Structure formats: structure tokens, C-alpha cells
Amino acid sequence: AFRLDLTGQGPGQMAARIAGQFSADFARADLTAKGRIQAAALNNLIAPRSADGTLGFDLTLDGPLAISALTGRITGANLRIASPSERLSAAFPNLTATLRDGQAQLTGQGEIRGGGKISLSGPVTLAAPYTADLTIGLQRAAVSALNMFATEISGNVTLNGPLFGGAMIAGDVTLDRTEIIVAAPGFDDQPIPEITHLNEGQPSALTRHRARLDRPSGAATGGVIYGLDLNLSAPGRIFVRGRGLDAEMAGQLHLGGTTADMVPTGRFTMIR
């Protein structure tokens, strides 16, 4: 067998040690890997989402050179994850992935920027199509769109199926105090004409691509599509205001279809 003993260091306090041995035909290995890396090193893989913080790992590979033979734990410290398309940013003081039998069992709790808490638990397969069975808990999670609405969501949502497309999003959530603004007419009602960018730098082009602003108006956005089976309950405190309107409503709504073709059914009643 070939013996291996490597240590390395890099920027941002990155450090690692890999030790153990390979069989002579490289069919099997008995290796350990310990160290830490910056979560930002993964950003190219998860773009347009981004991560920041430190990932510590303590892994063992005992058997064939395959994910199924990998065991151990990866721990995120002061981890922050941002997803611009969902306008979501969350900080996880501790997020753990336990690797075994070709799966990563995720557990963690965090806080959402803007208010509220989020928890995450469940397995993800470490090979395509990366099948997941995750449960996401929300506690008064703040969700808003500028000058349109603001609300707080509580409940449990599941994500079951291929993680990067085709999974089903299901669950029951409750809307707490919700403010919906009926905007007055103004410049926002007029579409922005197509803009031609001359001599655009790479950082600007990359930002527009991640924000899906580099496609002509009406072009298909593509992207990941998920199935929907969500029940939304709003027992009250849904306020609709603007253009002389001041109303409070309550009701229930079911969201079916997909994220690309949503089918809402249900009803709301007027409280005042």
C-alpha cells in the first residue's frame, strides 16, 4: 500500500491534514481528513446563492473510493447563507452535517435577517440527483417585498425529492400580522425599456446574471422548478391599505401546481 501524510494551509485560516493509506491498485483506502475551510470556497457551486463562515471537517474514508465509504462530520461555525432570488438571508451559529451511507444528515438552527428563526433537519443524498427529505421549521420568519407586502410566517415546510429541481415543497404555515400595500399609480407602473450595456465589466455582468436581469423581457427564466402543496392559514390581521382602502381580512389558501405555474385555491373573508 501507499502511505499518505499531507498537511496544508491557506488564506482565511484554512488548514487541513490528510493521513492514511491507499491499496496498491488504488481501489480501496483508509484515510482520515481533518481541518477547516472557508464556506465561501463553495460559492461557485451554489451560485447565485452564497455562503460565508467557517466549515470544520473530521472525515474518514474506509473502503472503496466512493461517497458511500465516507463517514464523519462537517460543522459550520458562524455560517451565513444568502439566497437573492428568495430575498432570504439566514445566520446559523451551528449547522452540522453527519455523513454516513452516502447521505448527509443536516441539523441546525438559525436566525433570519429581518426577524424570526429557522430550523433545518433531515438527510440529503450525496450523489445525483441529490434527493432530500428536509424539514424546515419557521418561527415568525419575516418575509417582505419592498412597497408591496410584509408578513411573518410560522409553521413547518418539507422539501422532498431532487434538491436542485423536481422536489415537492409541502407543509402548513400560518401568516401572522400581514401588511399589503396597494400602491398609488406612478412611475412604477411603467416598464423599464431594454438597456444595452456597453463595455460592461465582468463583476457587473455576473451580478446581473445572478439576478436574472440579463434576459430580454418576456424570455423564459428557466431555473429550478419545485412542486407545491402548501396550506396557508391567516386567522386574521391581514391588512390591505392604500388608495383610500383600509381593510382587515382572514382566510385560508392552498398553493398547488409548481413554482413556475402556481395554482392558488381558497377564500378570504372581510373582518372590517
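These figures come from a predicted structure and were not determined experimentally.

Visitor: Describe the side chain of threonine 96, naming the residues involved and giving the relevant values.
Guide: Looking at the secondary structure, you find threonine 96 in strand β6 (residues 88-100). Excluding residues that lie within four positions of it along the chain, threonine 96 makes contacts with Arg73, Ile74, Thr75, Gln105, Leu106 and Thr107.

Visitor: Now, about the environment of alanine 69: what can you tell me, with residues and values included?
Guide: Position of alanine 69 relative to the elements: it lies in the loop between β4 (50-64) and β5 (70-83). For alanine 69, a relative accessible area of 11% corresponds to the buried category. A C-alpha to C-alpha distance of 6.8 Å links alanine 69 and aspartate 101, two positions 32 residues apart in sequence. With near-sequence residues (within four places) excluded, alanine 69 lies in contact with Thr60, Leu61, Asp62, Gly63 and Pro64.

Visitor: Can you tell me about the side chain of serine 89, naming the residues and giving the values?
Guide: As for its position among the elements, serine 89 is in strand β6. Beyond its immediate sequence surroundings of up to four residues, serine 89 is in contact with Arg80, Ile81, Ala82, Glu111, Ile112 and Arg113.

Visitor: Go over unusual backbone geometry with me, naming the residues and quoting the values.
Guide: That bond from alanine 128 to proline 129 is cis: its omega, 5 degrees, falls within 30 degrees of zero. Despite not being glycine, asparagine 78 shows a phi value in the positive range, around 50 degrees. Tracing the backbone through its elements, the reader meets asparagine 78 in strand β5. Of note, the phi angle at arginine 140 is positive, near 50 degrees, even though the residue is not glycine. You can call arginine 140 partly exposed: its relative accessible area is 44%.

Visitor: Would you mind going over the pairing of strand β11 (residues 168-175) in detail, with residue names and values included?
Guide: Where a strand is regular, its side chains alternate between the two sheet faces. Two elements, strand β10 (residues 149-162) and β11, share 8 bridges in a ladder whose sense is antiparallel. Bridging across to β11, leucine 159 finds its partner in isoleucine 169. Between β10 and β11, which follow one another and run antiparallel, lie 5 residues, and glycine 165 among them has a positive phi close to 145 degrees. In terms of strand pairing, β11 meets strand β13 (residues 227-242) through 7 bridges, oriented parallel. Within β13, the residue paired with glycine 171 across the bridge is leucine 230.

Visitor: Please set out the pairing of β10 residue by residue, giving values where relevant.
Guide: Two elements, strand β9 (residues 131-145) and β10, share 13 bridges in a ladder whose sense is antiparallel. Looking at β10, one finds that valine 143 is bridged to threonine 151. Sheet analysis places β10 next to strand β12 (residues 178-181), joined by 2 bridges and oriented antiparallel. Each bridged residue has a counterpart across the sheet, and for phenylalanine 149 the counterpart in β12 is isoleucine 180.

Visitor: Provide a residue-level description of a nonpolar patch on the surface, including the pertinent values.
Guide: On the surface, Val143, Met148, Phe149 and Ile180 cluster together to form a nonpolar patch covering roughly 310 Å² of accessible area. Examined against the element boundaries, valine 143 turns out to sit in strand β9. We classify valine 143 as partly exposed; its relative accessible area is 33%.

Visitor: Would you mind going over the environment of proline 129 in detail, with residue names and values included?
Guide: Looking at the element boundaries, proline 129 is found in the loop between β8 (117-125) and β9. Look at proline 129 and you get partly exposed, because its relative accessible area is 48%. Separated by 35 residues in the primary sequence, proline 129 and phenylalanine 164 have C-alpha atoms spaced 7.6 Å apart. Apart from the residues within four sequence positions on either side, proline 129 is in contact with Pro162 and Leu163.

Thresholds applied
Residues numbered from 1 in each chain as written. Predicted model: local features only at pLDDT ≥ 70, side-chain atom pairs only at ≥ 80, totals over all residues. Heavy atoms only, no water. Helix = DSSP H or I, 4+ residues; strand = E, 2+ residues; numbered from the N terminus. Contact = heavy atoms within 4.5 Å. Buried < 20%, exposed > 50% of the residue type's maximum accessible area, 1.4 Å probe, protein only. Pairing = 2+ DSSP bridges. Patch = residues over 30% accessible without salt bridge, like charges linked within 9 Å, V, L, I, M, F, W, Y side chains within 5 Å. Areas by Shrake-Rupley, 256 points an atom, 1.4 Å probe, with all protein chains shown as cover. Salt bridge = Lys/Arg side-chain N within 4 Å of Asp/Glu carboxyl O.

Nothing here speaks to function; it is geometry throughout.
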